[in-house]
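# Understanding the architecture of this molecule
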Amino acid sequence: LLALDERVGTYTSPHLQDVRERFRVDGRPLAVDELLAGLDALGPHIERVEQATGEMVTFFEASTALCLWAFARARVDTGVIEVGMGGRWDATNVVDGRVAVVGQVQLDHPQLGSTIGEIAWEKAGIIKDGATVISANHDAAPARVIADEVAQRGATLRLLDRDFGVVGRTLTPNGQRVVLRGLDARTYTADLPLHGAHQAVNAACALAAVQAHHAEPLDPSAVRAAFARVRSPGRLELFSSDGVPVLLDGAHNPAAAVTLARTLQELHGNRRRVLVLGIMSDKDIPTMVHIFGSAADEVVVTAASFPRAASIDRLREACQAAGVTVAASVEHVGDAIRV
């Protein structure tokens, strides 16, 4: 959208280092004074809601209100808004989205449901009347749920590998060269500075979403320029290349763990790999440890300085149960990386 000279607001979560990462206008995080101005403007409204309901407004609800305040103030042409969790009852679902993108639905947050179909129902709740839906779901359960919601809403379904998709991909030193088929049946070639087949699928969904939103044909040079500057911190991010490459990835469910293991094999199939592993306590630790263990020659367990982090002892026990050898247990993440 930026490559098409639109004024774009972006709302994503979580942030990695600075809360202002969540709120961007034309790619730039909100300035500190803008953040404070937004909180000052919203404060009285949040207090009134809390008094009326007897409940605290959550951090994410307040963040979403701040996002919309910032977008209105900046007079953005288009807002790109990422759902926090689920969809149907998510705070972001107050937005009347003309385009809804539903990536591959996987089991993750147990509070959303115990089956793929139940979670897909929550995700499909973002579909609005008459919207265009970009879906990467082929498996029967999520595909059926999404198709049903599309029909009920009078929306239009655009499906990966049927209406758009990835034609080809080749590895490059900084990521991959992708050939994408758009909704217009044309092919677009671009250098994508991200690793993994899953990121090629994400790129195809992004291209289709912009085409669904933007009435005019896309200039292939604009598509190339747009993908060339894509960044995704914390997703197979090259954290350090001084001597031994250190990759940082935030995979936090079994599906993401499988994707990470496959991508590491693709990138470094014959190299020795040491995995520094920390997992939140509410995740599927046994399954993830088994998957991660198969992708590493050695595992170093650690724990983030965060209340939800699983203890080192728990991770070590899970590794032992999965037959994964633990080379070291280190309390602090920084020290664990240096091991």
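Reading the values: the criteria
Residues numbered from 1 in each chain as written. Predicted model: local features only at pLDDT ≥ 70, side-chain atom pairs only at ≥ 80, totals over all residues. Heavy atoms only, no water. Core = buried A, V, L, I, M, F, W, Y, C linked by side-chain atoms within 4.5 Å. Buried < 20%, exposed > 50% of the residue type's maximum accessible area, 1.4 Å probe, protein only. Helix = DSSP H or I, 4+ residues; strand = E, 2+ residues; numbered from the N terminus. Contact = heavy atoms within 4.5 Å. Patch = residues over 30% accessible without salt bridge, like charges linked within 9 Å, V, L, I, M, F, W, Y side chains within 5 Å. Areas by Shrake-Rupley, 256 points an atom, 1.4 Å probe, with all protein chains shown as cover. Salt bridge = Lys/Arg side-chain N within 4 Å of Asp/Glu carboxyl O. Phe/Tyr/Trp six-rings, centres within 6.5 Å; stacked < 30°, edge-to-face > 60°. Lys NZ or Arg CZ within 6 Å of the ring centre and 35° of its normal. Pairing = 2+ DSSP bridges. Right-handed = clockwise from strand over helix to strand, strands pointing away.

### Examining the nonpolar core
In terms of nonpolar packing, the biggest core is built from 26 residues, with Leu277, Ile279, Ile285, Val289, Phe292 and Val299 touching the most fellow members. Residue assignment for this core shows that the elements contributing at least two residues are helix H7 (254-268), strand E13 (274-277), helix H8 (285-294), strand E14 (298-301) and helix H9 (312-321). Examining the composition of this core, we find that 5 residues originate from one element, H8, more than from any other. Counting residues in each nonpolar core, the second largest holds 21 residues, with Ile134, Ala136, Leu180 and Ala209 among its members.

### Let's talk about the environment of leucine 207
Mapped onto the elements of the fold, leucine 207 is located in helix H5 (residues 197-213). Each C-alpha atom of the pair leucine 207 and phenylalanine 164 lies 8.9 Å from the other, and the pair is 43 residues apart in sequence. Residues in contact with leucine 207, not counting those within four places in the same chain, are Leu180, Gly182, Tyr188, Leu218, Val223 and Phe227.

### Structural notes on a nonpolar patch on the surface
A grouping of Phe239, Leu248, Val276, Val333 and Ile337 is seen on the molecular surface, where their side chains present a nonpolar patch of about 390 Å² in accessible area. Tracing the sequence through the fold places leucine 248 in strand E12 (residues 246-248).

### Observations regarding the environment of leucine 192
Looking at the element boundaries, leucine 192 is found in strand E10 (residues 187-192). In this structure, the C-alpha to C-alpha distance between leucine 192 and alanine 228, residues 36 residues apart in sequence, is 5.6 Å. Sequence-distant contacts of leucine 192, defined by excluding residues within four places in its chain, comprise Asn174, Gly175, Gln176, Val178, Gln199, Ala200, Ala203, Phe227 and Val230.

### Let's talk about the packing of aromatic side chains
Taken as a whole, this structure holds 2 aromatic pairs when the rule is applied. Consider the rings of tyrosine 11 and phenylalanine 23, whose centres lie 5.8 Å apart with planes at 20°: the pair is stacked. One end of the pair, tyrosine 11, is in strand E1 (residues 8-11); the other, phenylalanine 23, is in strand E2 (residues 23-25), and 12 residues separate them in sequence. Residue phenylalanine 23 is classed as buried on the basis of its relative accessible area, which comes to 2%. Ring-pair connections join several aromatic residues into one group, and the members of that group are Tyr11, Phe23 and Phe60. Lying over the aromatic face of tryptophan 121, arginine 88 brings its terminal NZ or CZ to 3.7 Å of the ring centre.

### Some details on the pairing of strand E6 (residues 132-135)
Burial along E6 is two-sided: the residues Thr132 and Ile134 and Val133 and Ser135 are all buried. As judged from the 4 bridges shared by strand E5 (residues 99-102) and E6, these two strands associate in the parallel manner. Across the sheet, valine 99 pairs through a bridge with threonine 132, a residue of E6. Pairing geometry for E6 and strand E7 (residues 156-159), over 4 bridges, is parallel. From the neighbouring strand, serine 135 faces E7, where its bridge partner is leucine 159. Handedness of the crossover is the feature at issue here: the chain leaves E6, passes through helix H4 (residues 140-153), returns alongside E7, and the resulting connection is right-handed.

### Here we look at the sheet that holds E2
Strand order in this open sheet of 4 strands is E3-E2-E1-E4, and the pairing throughout is mixed. Two strands lie at the open edges of the sheet, namely strand E3 (28-29) and strand E4 (78-81), each paired on one side alone. Alignment of E2 against E3, held across 2 bridges, turns out to be antiparallel. The residue of E3 that forms the bridge with arginine 24 is proline 29.

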